[in-house]
Amino acid sequence: MSASSYFAVRIQSVPVDRPLPFDVALLVAGNYVVFKREKDVLTLDRLDSLIQKGLKAFYISEEHRDQYRAFLKQSVQQDTLSADQRGRYIKESAFNHITDLFTQPNVGRLAEDSKGLVEDMVNFISSDISAAVRLMGLSNHDYYTYNHCVNVSVYSISIAKRVVGDDKNLLMTAGLGGLLHDLGKKMVDDKIINKPGKLDESEWAEMKRHPSHGIELLKGVANVSEEAKRVVHEHHEHLDGTGYPRGLTEENISQLSRIAAIADVFDALTTKRSYKEAMTADLALDVMLKMSPGKFDPTIFRYFEKRIPTKQDVEVAKGTDPCAPGFAIKKAG
Ligand SMILES: [Fe+2]
Ligand SMILES: [Fe+2]
(Lines give C-alpha, C1' and ligand atoms only; values in the text may rest on other atoms or scores of the structure.)
(Ligands and ions follow the chains in the order given, each with its own letter.)
Protein backbone atom coordinates (compact mmCIF):
# COMPACT_ATOMS: atom_id res chain seq x y z
CA MET A 1 0.00 0.00 0.00
CA SER A 2 1.33 3.47 -0.79
CA ALA A 3 2.64 5.78 1.94
CA SER A 4 -0.13 8.31 1.42
CA SER A 5 -2.89 5.81 2.19
CA TYR A 6 -2.21 5.95 5.93
CA PHE A 7 -2.58 8.84 8.34
CA ALA A 8 -0.90 9.29 11.71
CA VAL A 9 -2.85 9.56 14.96
CA ARG A 10 -1.52 10.06 18.41
CA ILE A 11 -0.97 6.80 20.22
CA GLN A 12 -3.27 7.79 23.10
CA SER A 13 -6.18 8.50 20.81
CA VAL A 14 -7.16 4.91 20.03
CA PRO A 15 -9.57 2.88 22.20
CA VAL A 16 -8.18 0.48 24.79
CA ASP A 17 -9.61 -2.62 26.48
CA ARG A 18 -12.34 -3.08 23.89
CA PRO A 19 -12.54 -4.22 20.25
CA LEU A 20 -10.87 -1.77 17.89
CA PRO A 21 -13.16 -0.27 15.24
CA PHE A 22 -10.25 -0.08 12.75
CA ASP A 23 -6.86 -1.63 12.00
CA VAL A 24 -3.92 0.01 13.74
CA ALA A 25 -0.50 -0.02 12.08
CA LEU A 26 3.04 0.89 13.03
CA LEU A 27 5.65 2.44 10.80
CA VAL A 28 8.61 0.08 10.77
CA ALA A 29 11.64 0.98 8.66
CA GLY A 30 9.48 3.00 6.29
CA ASN A 31 6.74 0.36 5.94
CA TYR A 32 3.30 0.26 7.49
CA VAL A 33 2.84 -2.95 9.43
CA VAL A 34 -0.54 -3.84 10.90
CA PHE A 35 -0.15 -4.05 14.67
CA LYS A 36 -3.77 -4.80 15.65
CA ARG A 37 -6.63 -5.71 13.37
CA GLU A 38 -10.15 -4.36 13.59
CA LYS A 39 -11.97 -6.15 16.48
CA ASP A 40 -8.67 -7.02 18.21
CA VAL A 41 -8.20 -5.58 21.69
CA LEU A 42 -5.36 -3.28 22.70
CA THR A 43 -4.96 -3.43 26.47
CA LEU A 44 -4.12 -0.37 28.53
CA ASP A 45 -1.01 -2.14 29.85
CA ARG A 46 0.22 -2.79 26.33
CA LEU A 47 -0.46 0.81 25.36
CA ASP A 48 1.44 2.05 28.41
CA SER A 49 4.43 -0.10 27.58
CA LEU A 50 4.47 1.27 24.01
CA ILE A 51 4.32 4.83 25.37
CA GLN A 52 7.18 4.04 27.71
CA LYS A 53 9.21 2.79 24.77
CA GLY A 54 8.73 6.22 23.21
CA LEU A 55 6.18 5.30 20.55
CA LYS A 56 4.18 8.40 19.63
CA ALA A 57 1.99 7.55 16.65
CA PHE A 58 -0.19 4.79 15.25
CA TYR A 59 -1.18 4.75 11.60
CA ILE A 60 -4.65 4.15 10.30
CA SER A 61 -5.57 3.32 6.73
CA GLU A 62 -7.40 6.04 4.81
CA GLU A 63 -10.14 3.47 4.22
CA HIS A 64 -10.81 3.52 7.95
CA ARG A 65 -10.80 7.29 8.35
CA ASP A 66 -14.59 7.43 8.75
CA GLN A 67 -14.53 4.76 11.47
CA TYR A 68 -11.80 6.67 13.28
CA ARG A 69 -13.74 9.91 13.04
CA ALA A 70 -16.96 8.23 14.25
CA PHE A 71 -15.07 6.70 17.16
CA LEU A 72 -13.71 10.10 18.26
CA LYS A 73 -17.14 11.67 17.96
CA GLN A 74 -18.75 9.01 20.16
CA SER A 75 -15.89 9.12 22.64
CA VAL A 76 -16.28 12.82 23.30
CA GLN A 77 -19.90 12.22 24.38
CA GLN A 78 -19.08 9.48 26.89
CA ASP A 79 -19.75 10.51 30.49
CA THR A 80 -17.43 7.90 31.95
CA LEU A 81 -14.27 9.38 30.44
CA SER A 82 -11.73 11.22 32.54
CA ALA A 83 -11.39 14.91 31.73
CA ASP A 84 -7.92 14.23 30.40
CA GLN A 85 -9.09 11.56 27.99
CA ARG A 86 -12.04 13.65 26.85
CA GLY A 87 -9.72 16.58 26.18
CA ARG A 88 -7.45 14.32 24.18
CA TYR A 89 -10.32 13.12 21.99
CA ILE A 90 -11.65 16.66 21.50
CA LYS A 91 -8.27 17.94 20.44
CA GLU A 92 -7.73 14.98 18.15
CA SER A 93 -11.17 15.52 16.56
CA ALA A 94 -10.42 19.21 16.05
CA PHE A 95 -7.07 18.41 14.51
CA ASN A 96 -8.62 15.87 12.15
CA HIS A 97 -11.33 18.26 11.16
CA ILE A 98 -8.96 21.10 10.37
CA THR A 99 -6.73 18.68 8.42
CA ASP A 100 -9.75 17.75 6.30
CA LEU A 101 -10.63 21.41 5.79
CA PHE A 102 -7.15 22.15 4.50
CA THR A 103 -6.68 19.05 2.40
CA GLN A 104 -10.10 18.09 1.01
CA PRO A 105 -11.83 19.95 -1.82
CA ASN A 106 -15.34 20.19 -0.30
CA VAL A 107 -14.63 23.02 2.14
CA GLY A 108 -18.21 24.28 2.29
CA ARG A 109 -19.70 20.98 3.41
CA LEU A 110 -16.90 20.37 5.91
CA ALA A 111 -17.18 23.88 7.35
CA GLU A 112 -20.89 23.23 7.96
CA ASP A 113 -19.78 20.45 10.32
CA SER A 114 -17.39 22.63 12.32
CA LYS A 115 -20.10 23.84 14.67
CA GLY A 116 -20.64 20.53 16.50
CA LEU A 117 -16.96 20.23 17.17
CA VAL A 118 -16.66 23.77 18.50
CA GLU A 119 -19.64 23.08 20.75
CA ASP A 120 -17.72 20.15 22.29
CA MET A 121 -14.77 22.48 22.85
CA VAL A 122 -16.91 25.18 24.44
CA ASN A 123 -18.65 22.65 26.73
CA PHE A 124 -15.32 21.20 27.75
CA ILE A 125 -13.72 24.57 28.45
CA SER A 126 -16.81 25.70 30.35
CA SER A 127 -16.80 22.54 32.47
CA ASP A 128 -13.86 23.58 34.61
CA ILE A 129 -11.33 26.31 34.80
CA SER A 130 -8.29 24.18 34.03
CA ALA A 131 -9.86 22.57 30.95
CA ALA A 132 -8.42 25.02 28.45
CA VAL A 133 -4.98 24.70 29.98
CA ARG A 134 -5.34 20.94 29.77
CA LEU A 135 -6.36 21.14 26.12
CA MET A 136 -3.35 23.26 25.31
CA GLY A 137 -1.09 20.77 27.04
CA LEU A 138 -2.30 17.95 24.82
CA SER A 139 -0.11 18.86 21.94
CA ASN A 140 1.21 18.42 19.44
CA HIS A 141 1.21 17.31 15.90
CA ASP A 142 3.99 18.52 13.70
CA TYR A 143 1.83 20.45 11.28
CA TYR A 144 2.05 24.02 12.37
CA THR A 145 -0.93 25.50 10.54
CA TYR A 146 -3.39 22.86 11.74
CA ASN A 147 -2.24 22.97 15.35
CA HIS A 148 -2.27 26.72 15.22
CA CYS A 149 -5.94 26.81 14.14
CA VAL A 150 -6.97 24.52 17.00
CA ASN A 151 -4.88 26.52 19.51
CA VAL A 152 -6.29 29.87 18.37
CA SER A 153 -9.78 28.43 18.77
CA VAL A 154 -9.08 27.30 22.35
CA TYR A 155 -7.45 30.63 23.28
CA SER A 156 -10.27 32.61 21.67
CA ILE A 157 -12.91 30.70 23.65
CA SER A 158 -10.93 31.19 26.87
CA ILE A 159 -10.40 34.92 26.33
CA ALA A 160 -14.02 35.44 25.25
CA LYS A 161 -15.14 33.67 28.43
CA ARG A 162 -13.24 36.25 30.48
CA VAL A 163 -14.31 39.22 28.43
CA VAL A 164 -17.98 38.47 27.76
CA GLY A 165 -18.80 35.74 30.29
CA ASP A 166 -20.77 32.58 29.69
CA ASP A 167 -22.81 33.49 26.62
CA LYS A 168 -22.65 30.12 24.88
CA ASN A 169 -23.54 31.43 21.42
CA LEU A 170 -20.82 34.02 21.62
CA LEU A 171 -18.27 31.52 22.90
CA MET A 172 -19.13 29.21 20.02
CA THR A 173 -18.73 32.03 17.53
CA ALA A 174 -15.35 32.91 19.07
CA GLY A 175 -14.26 29.26 18.85
CA LEU A 176 -15.53 28.82 15.31
CA GLY A 177 -13.88 32.04 14.13
CA GLY A 178 -10.62 30.95 15.77
CA LEU A 179 -10.76 27.49 14.23
CA LEU A 180 -11.37 28.83 10.73
CA HIS A 181 -9.37 32.07 10.95
CA ASP A 182 -6.51 30.95 8.70
CA LEU A 183 -8.56 28.77 6.35
CA GLY A 184 -7.65 31.10 3.48
CA LYS A 185 -4.03 29.89 3.75
CA LYS A 186 -5.31 26.86 1.88
CA MET A 187 -5.19 29.06 -1.21
CA VAL A 188 -1.66 30.36 -0.55
CA ASP A 189 1.36 28.48 -1.92
CA ASP A 190 2.82 26.09 0.70
CA LYS A 191 6.30 27.36 -0.14
CA ILE A 192 5.28 30.77 1.18
CA ILE A 193 3.46 29.43 4.24
CA ASN A 194 6.43 27.28 5.27
CA LYS A 195 9.26 29.55 4.19
CA PRO A 196 11.88 29.65 6.92
CA GLY A 197 13.17 33.11 5.96
CA LYS A 198 11.56 36.49 5.51
CA LEU A 199 9.05 36.85 2.67
CA ASP A 200 9.87 39.04 -0.30
CA GLU A 201 7.44 41.70 -1.38
CA SER A 202 5.35 39.61 -3.77
CA GLU A 203 5.24 36.66 -1.36
CA TRP A 204 4.10 38.95 1.41
CA ALA A 205 1.42 40.40 -0.85
CA GLU A 206 0.14 36.89 -1.53
CA MET A 207 0.24 35.98 2.15
CA LYS A 208 -1.81 39.04 3.02
CA ARG A 209 -4.63 37.78 0.85
CA HIS A 210 -5.42 34.84 3.14
CA PRO A 211 -8.17 36.60 5.15
CA SER A 212 -9.97 37.48 1.91
CA HIS A 213 -9.49 33.96 0.54
CA GLY A 214 -10.95 32.63 3.78
CA ILE A 215 -14.11 34.65 3.45
CA GLU A 216 -14.44 33.53 -0.19
CA LEU A 217 -14.19 29.88 0.82
CA LEU A 218 -16.91 30.33 3.44
CA LYS A 219 -19.36 32.05 1.16
CA GLY A 220 -22.79 30.46 1.53
CA VAL A 221 -21.80 28.27 4.49
CA ALA A 222 -24.90 28.69 6.62
CA ASN A 223 -23.55 27.13 9.83
CA VAL A 224 -20.75 29.69 10.06
CA SER A 225 -22.35 32.92 11.24
CA GLU A 226 -21.54 36.35 9.82
CA GLU A 227 -19.79 37.19 13.11
CA ALA A 228 -17.51 34.14 12.79
CA LYS A 229 -16.81 35.07 9.16
CA ARG A 230 -15.80 38.53 10.32
CA VAL A 231 -13.12 36.93 12.52
CA VAL A 232 -11.76 35.18 9.42
CA HIS A 233 -11.68 38.46 7.55
CA GLU A 234 -10.54 40.80 10.33
CA HIS A 235 -8.05 38.87 12.50
CA HIS A 236 -5.04 40.76 11.06
CA GLU A 237 -6.60 44.21 11.32
CA HIS A 238 -5.12 46.59 13.91
CA LEU A 239 -7.00 49.25 15.86
CA ASP A 240 -4.72 51.96 14.42
CA GLY A 241 -5.47 50.97 10.82
CA THR A 242 -2.04 49.43 10.11
CA GLY A 243 -3.37 45.89 9.68
CA TYR A 244 -4.56 44.00 6.61
CA PRO A 245 -6.29 43.21 4.29
CA ARG A 246 -8.44 46.34 4.51
CA GLY A 247 -6.65 48.59 7.02
CA LEU A 248 -9.81 48.85 9.12
CA THR A 249 -9.76 51.03 12.22
CA GLU A 250 -11.05 50.50 15.72
CA GLU A 251 -14.77 51.01 15.30
CA ASN A 252 -14.93 48.70 12.30
CA ILE A 253 -13.21 45.69 13.87
CA SER A 254 -15.51 43.36 15.80
CA GLN A 255 -14.82 42.40 19.39
CA LEU A 256 -14.38 38.73 18.49
CA SER A 257 -11.88 39.65 15.76
CA ARG A 258 -9.90 41.64 18.33
CA ILE A 259 -9.92 38.60 20.62
CA ALA A 260 -8.74 36.34 17.78
CA ALA A 261 -5.95 38.81 16.91
CA ILE A 262 -4.52 38.47 20.42
CA ALA A 263 -4.95 34.66 20.46
CA ASP A 264 -3.29 34.47 17.04
CA VAL A 265 -0.15 36.39 17.93
CA PHE A 266 0.19 34.68 21.32
CA ASP A 267 0.12 31.24 19.69
CA ALA A 268 2.53 32.32 16.93
CA LEU A 269 5.02 33.47 19.57
CA THR A 270 4.73 30.49 21.90
CA THR A 271 5.02 27.81 19.19
CA LYS A 272 8.25 26.36 17.90
CA ARG A 273 8.88 26.73 14.17
CA SER A 274 11.70 25.54 11.97
CA TYR A 275 13.27 29.02 12.16
CA LYS A 276 12.64 29.89 15.81
CA GLU A 277 12.29 28.43 19.27
CA ALA A 278 9.02 28.68 21.17
CA MET A 279 8.89 31.65 23.55
CA THR A 280 7.72 31.23 27.10
CA ALA A 281 4.26 32.66 27.75
CA ASP A 282 5.88 35.32 29.90
CA LEU A 283 8.23 36.57 27.21
CA ALA A 284 5.47 36.39 24.59
CA LEU A 285 3.32 38.66 26.73
CA ASP A 286 6.19 41.12 27.07
CA VAL A 287 6.59 41.21 23.31
CA MET A 288 2.86 41.70 22.88
CA LEU A 289 2.83 44.46 25.45
CA LYS A 290 5.44 46.31 23.41
CA MET A 291 3.46 45.71 20.24
CA SER A 292 0.13 46.53 21.77
CA PRO A 293 -0.16 50.31 21.59
CA GLY A 294 -2.44 50.86 18.65
CA LYS A 295 -2.60 47.23 17.66
CA PHE A 296 -4.47 45.17 20.22
CA ASP A 297 -7.57 46.14 22.11
CA PRO A 298 -6.14 47.25 25.49
CA THR A 299 -9.17 46.14 27.50
CA ILE A 300 -9.12 42.64 26.05
CA PHE A 301 -5.35 42.44 26.33
CA ARG A 302 -5.59 43.24 30.02
CA TYR A 303 -7.92 40.29 30.56
CA PHE A 304 -5.49 38.06 28.74
CA GLU A 305 -2.45 39.36 30.49
CA LYS A 306 -3.38 38.51 34.08
CA ARG A 307 0.12 38.38 35.47
CA ILE A 308 2.89 40.54 36.78
CA PRO A 309 4.95 41.99 33.93
CA THR A 310 8.49 40.69 34.06
CA LYS A 311 9.92 43.70 32.24
CA GLN A 312 12.29 41.54 30.22
CA ASP A 313 14.39 43.55 27.88
CA VAL A 314 13.14 42.70 24.44
CA GLU A 315 13.47 44.81 21.33
CA VAL A 316 10.36 44.82 19.21
CA ALA A 317 10.91 46.58 15.92
CA LYS A 318 8.17 48.71 14.43
CA GLY A 319 5.91 46.71 12.14
CA THR A 320 6.81 43.41 13.83
CA ASP A 321 4.43 40.63 12.80
CA PRO A 322 4.89 37.38 14.73
CA CYS A 323 2.45 35.62 12.39
CA ALA A 324 4.72 36.18 9.39
CA PRO A 325 7.20 33.46 8.35
CA GLY A 326 10.81 34.15 9.29
CA PHE A 327 9.78 36.20 12.29
CA ALA A 328 12.57 36.72 14.82
CA ILE A 329 12.95 38.83 17.92
CA LYS A 330 16.02 40.14 19.66
CA LYS A 331 16.50 39.67 23.35
CA ALA A 332 18.67 42.53 24.51
CA GLY A 333 21.80 41.93 26.52
FE1 LIG B 1 -3.96 34.76 9.70
FE1 LIG C 1 -3.17 32.68 12.46
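Quick caveat: nothing in here was measured; it's all calculated off a predicted structure. (Residues numbered from 1 in each chain as written. Chains lettered and ligands numbered in written order. Predicted model: local features only at pLDDT ≥ 70, side-chain atom pairs only at ≥ 80, totals over all residues. Heavy atoms only, no water.)

J.: How do you make sense of the coordination of the iron ion (ligand 2) when you look at a structure like this?
T.: Working reference: metal with six octahedral donors, ideal angles 90 or 180 degrees; metal with four tetrahedral donors, ideal angle 109.5 degrees. With distances of 2.2 to 2.3 Å, the protein atoms coordinating the iron ion (ligand 2) are His148 (NE2), His181 (NE2), Asp182 (OD) and Asp264 (OD). Here the iron ion (ligand 2) is ringed by four donor atoms whose angles at the metal span 77 to 173°, and the overall shape comes out irregular. Counting the intervening residues between successive donors of the iron ion (ligand 2) yields the motif H-x32-H-D-x81-D. Taking the relative accessible area as the measure of exposure, His181 reaches 0% and is therefore buried. Accessibility expressed as a relative area gives 1% for Asp264, which makes it buried. (Donors = N, O, S within 2.8 Å, 3.2 Å for Na, K, Ca; no water. Tetrahedral: all angles 85-135°; square planar, octahedral: opposite > 155°, others 65-115°. Buried < 20%, exposed > 50% of the residue type's maximum accessible area, 1.4 Å probe, protein only.)

J.: Teacher, can you tell me more about the coordination of the iron ion (ligand 1) here?
T.: Distances from the iron ion (ligand 1) to its protein donors, namely Asp182 (OD), His210 (NE2), His235 (NE2) and His236 (NE2), fall within the range 2.1 to 2.2 Å. Coordination at the iron ion (ligand 1) is irregular: its four donor atoms span angles of 88 to 177° at the metal. Binding-site remark: the iron ion (ligand 1) is held by donors from one chain whose sequence spacing is D-x27-H-x24-H-H. A spacing of 3.5 Å is found between the iron ion (ligand 1) and the iron ion (ligand 2), which share Asp182 as a donor. Of this pair, Asp182 sits in the loop between α8 (168–180) and α9 (190–193) while His236 sits in the loop between α12 (226–234) and α13 (255–270), and the two are 54 residues apart along the sequence. In this structure, Asp182 and His236 share a single accessibility class: buried. (Helix = DSSP H or I, 4+ residues; strand = E, 2+ residues; numbered from the N terminus.)

J.: What is the right way to read helix α2 (residues 65–77) from this model?
T.: Because the α-helix completes a turn every 3.6 residues, residues three or four places apart line up on one side. Compared with an ideal rise of 1.5 Å per residue, which puts 13 residues at 18 Å, α2 spans 19 Å between its outermost C-alpha atoms and is within 8% of the ideal. Here the buried face of α2 lies against β1 (6–10), β4 (57–61), α3 (83–103) and α5 (114–127). (Expected span 1.5 Å × (residues − 1). Contact = heavy atoms within 4.5 Å.)

J.: I tried to follow the side chain of Thr173 on my own but got confused; where do I start?
T.: Mapped onto the secondary structure, Thr173 falls in helix α8. If sequence neighbours within four positions are ignored, Thr173 has contacts with Ser225, Glu227, Ala228 and Leu256.

J.: Just to check I follow, could you spell out the pairing of strand β2 (residues 24–28) for this structure?
T.: Each regular strand shows side chains that alternate between the opposite faces of the sheet. Where β2 lies against strand β3 (residues 31–36), five bridges are found, and the strand directions are antiparallel. Bridging from a neighbouring strand, Leu27 pairs with Tyr32 of β3. Connecting β2 to the antiparallel partner β3 that follows it, the hairpin turn spans two residues, and Ala29 within it adopts a positive phi of roughly 45°. (Pairing = 2+ DSSP bridges.)

J.: What exactly am I supposed to notice about the packing of aromatic side chains here?
T.: The description of an aromatic ring pair rests on the distance of the ring centres and on the angle between the ring planes. According to the stated counting rule, one finds 13 aromatic pairs in the structure shown. Arranged with centres 6.0 Å apart and planes meeting at 75°, the rings of Phe22 and Phe71 form a pair that is edge-to-face. Taken together, the residues span a long stretch of sequence, with Phe22 in the loop between β1 and β2 and Phe71 in helix α2 at a distance of 49 residues. As far as burial versus exposure is concerned, Phe22 and Phe71 are alike and both buried. Seen from their ring centres, Trp204 and Tyr244 are 5.7 Å apart, and the 75° between their planes marks the pair as edge-to-face. Here Trp204, found in helix α10 (residues 201–207), pairs with Tyr244, found in the loop between α12 and α13; they are 40 residues apart in sequence, far enough to count as distant. With a relative accessible area of 25%, Trp204 lands in the partly exposed category. Put simply, the rings of Phe7, Phe22, Tyr68, Phe71 and Tyr89 touch in pairs and so form one group of aromatic residues. Geometry around Phe7 places Arg65 over its ring, the cationic atom sitting 4.0 Å from the centre. (Phe/Tyr/Trp six-rings, centres within 6.5 Å; stacked < 30°, edge-to-face > 60°. Lys NZ or Arg CZ within 6 Å of the ring centre and 35° of its normal.)

J.: Would you take a moment to explain the domain arrangement of the chain for this structure?
T.: Accessible area lost on assembly of the parts is the figure often given for the size of an interface. Taken domain by domain, the chain comprises domain 1 (1–65) and domain 2 (78–331). The centre of domain 1, based on its C-alpha atoms, is set 30 Å off from the matching centre of domain 2. Taken residue by residue, the interface counts nine residues in domain 1 and eleven residues in domain 2. Together domain 1 and domain 2 conceal approximately 790 Å² of surface at their shared face, both sides included; 39% is due to carbon and sulfur atoms. Broken down residue by residue, the surface that domain 1 buries against domain 2 is led by Arg10, Gln12 and Arg65, which jointly contribute 68%. Across the contact surface, domain 1 and domain 2 share one salt bridge. Counting residues per element, the side of domain 1 that touches domain 2 draws most heavily on β1, which supplies three residues. Residues of the side of domain 1 that touches domain 2, tallied by class, amount to four nonpolar, two polar and three charged. (Domains from an automatic or database assignment. Buried area = accessible area lost by both parts, 1.4 Å probe. Salt bridge = Lys/Arg side-chain N within 4 Å of Asp/Glu carboxyl O. Nonpolar A, V, L, I, M, F, W, Y, C, P; charged D, E, K, R; others polar.)

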